Amino acid sequence: STGSIILAGGVGTRLWPLSREQFPKQFLKLNGASFFQDTYTRALRISSPEEIVVVTNENFRYHVKNQVEELGYSIDDSRILLESEGKNTLPAITWGVRVLYDIFGDIPVAVFPSDHILDEKAMDIIKNSAPLAKKNLVVFGIKPTAPLTGYGYIKPGEALDGGFAVKEFKEKPGPEKAKEYMDSGYLWNSGMFLFSPEVFFEELKKYRPDMYEEFERPHPDYSGVESISIDYGLLEVSDRVAVVPLALRWNDLGSFRALYENSGKDDNGNAGDAEFVGSENNFVYSKDKKVAVLGMTNTAIIDSGDALLVCDLDNTESVKELVGIYASRG
Ligand code: GDD
Ligand code: MG
């Protein structure tokens, strides 16, 4: 058997105004099921419902419960780990590993972000990486398509059984480094992992002893926990990281540009439910309004009912700055 940890605590600021503090992107249903539901369904290919834990913010507890029930399963409260505040992915993952280890012992544990499009075939590859995960922290790599700066970059080294040793892991490099890495064969970190809990705890104890200790307690105190991602906190520093390449469809749906690229389009490259006249390559989403687009190109038009975003599709990464602007005005 294999355990699964689903990370569903992020806010997804680049999808404002659809993704909000009270309703973040992983729970949005843009075409049928939410990203969280898709992730849960995929996890069921390698784990039974008891073997799946969801780590999320206490505000999202009912989103998790309701959305799992909509899929026809029930999730016990002991499998929903509620964080009092977001402290990034290392504490969330540590908590999930601790809970699964205490119940099931040293079974392999997979980690899934809940904001990705992913080919289901990946689940077999992940499951079959269990032997490699007996000695290594396994990360799943994707061949880069552009020198994007929002990802971790992985340099594969010597071949191991079922993957490669990782020579270097660099989280979110600057644009020049990203280009250099891409040109020299680095892979992107998909954000999905497979660990043996015992290897994970050995490495955590070595590099983040305080975090290791905090999560030995039955009720970890989040206020004192360091806020850090697993990428900076463990994967950049550990020398026991291995990578398994995934040559499959994968997409981080972090921005409207990514959503646009993954949507069906008309002959003029327009996506979304709108009347398009003399317009090309636009992306429209509206909760309940009729939308008409005239003479526009390369624009995202997003209406959430109480807020409207109009944005150049080449500039959708900067949407996250808005959230800072609004927050600073209170
Ligand atoms: N429970 C919980 N608590 N979940 C969290 C928290 C938290 O405090 N912070 C983030 N998450 C969840 C997010 O909802 C998302 O599903 C996942 O953890 C990853 O967090 P992101 O904030 O989206 O990370 P990222 O996209 O900047 O970078 C990571 O993913 C990239 C691939 O998409 C890194 O692992 C990169 O190396 C990787 O390339
Ligand atoms: Mg992400």
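Above this text you will find the structure in question.
Quick caveat, the model's predicted, so the values are computed rather than measured.

## Description of helix H1 (residues 35–43)
In step 1: Counted residue by residue, H1 has seven buried out of nine residues, so it is predominantly covered.
In step 2: The set of residues buried in H1 consists of Phe35, Phe36, Gln37, Thr39, Tyr40, Arg42 and Ala43.

## Considerations on the pattern of salt bridges
In step 1: Enumeration over the complete set of coordinates arrives at 18 salt bridges.
In step 2: Between glutamate 70 and lysine 29 there is a salt bridge, with the nearest N and O atoms lying 2.6 Å from each other. Of this pair, glutamate 70 sits in helix H2 (residues 61–70) while lysine 29 sits in the loop between strand E1 (3–7) and H1, placing them 41 residues apart in sequence.
In step 3: Glutamate 70 sits in the exposed class, given a relative accessible area of 51%.
In step 4: Judged by its relative accessible area of 36%, lysine 29 is partly exposed.
In step 5: One salt bridge connects arginine 240 with glutamate 202, and the closest N-O pair in it is separated by 2.9 Å. Here arginine 240, found in the loop between helix H9 (230–235) and strand E10 (241–245), pairs with glutamate 202, found in helix H7 (residues 197–207); they are 38 residues apart in sequence, far enough to count as distant.
In step 6: Judged by relative accessible area, which is 23%, arginine 240 ranks as partly exposed.
In step 7: When salt bridges that share partners are traced, they join Arg61, Lys65 and Asp77 into one network.

## Some points on empty space enclosed by the protein
In step 1: If you walk through the whole model with that rule in mind, you get one cavity of 30 Å³ or more.
In step 2: Empty space within the largest cavity amounts to approximately 30 Å³.
In step 3: Of all the elements in the fold, those that place two or more residues in the lining of the largest cavity are H1, strand E4 (109–113) and strand E5 (116–118).
In step 4: Its residues assigned to classes, the lining of the largest cavity shows four nonpolar, two polar and one charged.

## Some thoughts on the site of ligand 1
In step 1: Close to ligand 1 lie 25 residues; Glu83, Glu171, Lys172, Asn189 and Asp252 are nearest.
In step 2: In this structure, an oxygen atom belonging to ligand 1 sits 3.5 Å away from a side-chain N or O atom of aspartate 115.
In step 3: Separating an oxygen atom of ligand 1 from a backbone N or O atom of asparagine 189 is a distance of 2.6 Å.
In step 4: Elements that contribute at least two residues to the shell around ligand 1 include exactly strand E2 (52–57), helix H3 (89–104), strand E9 (187–195) and strand E11 (250–252).
In step 5: Residues of the shell around ligand 1, tallied by class, amount to six nonpolar, 12 polar and seven charged.

## A word on the environment of aspartate 231
In step 1: With respect to the helices and strands, the residue aspartate 231 is situated in helix H9.
In step 2: Through-space distance from the C-alpha of aspartate 231 to that of phenylalanine 195 is 14 Å; in sequence the pair is 36 residues apart.
In step 3: Excluding residues within four positions of it along the chain, aspartate 231 makes contact with Thr89, Phe169, Glu171, Asn189, Phe193 and Glu236.

Quick notes on the rules
- Residues numbered from 1 in each chain as written.
- Chains lettered and ligands numbered in written order.
- Predicted model: local features only at pLDDT ≥ 70, side-chain atom pairs only at ≥ 80, totals over all residues.
- Heavy atoms only, no water.
- Buried < 20%, exposed > 50% of the residue type's maximum accessible area, 1.4 Å probe, protein only.
- Helix = DSSP H or I, 4+ residues; strand = E, 2+ residues; numbered from the N terminus.
- Salt bridge = Lys/Arg side-chain N within 4 Å of Asp/Glu carboxyl O.
- 1 Å grid on protein atoms, 1.4 Å probe; cavity = no way out; pocket = protein on both sides within 12 Å on 5 of 7 lines; lining within 4 Å.
- Points joined across faces, edges and corners; volume = space filled by probe spheres on them.
- Nonpolar A, V, L, I, M, F, W, Y, C, P; charged D, E, K, R; others polar.
- Near = heavy atom within 4 Å.
- Polar contact = N/O pair within 3.5 Å; in protein donor to acceptor, adjacent residues only side chain to side chain.
- Contact = heavy atoms within 4.5 Å.

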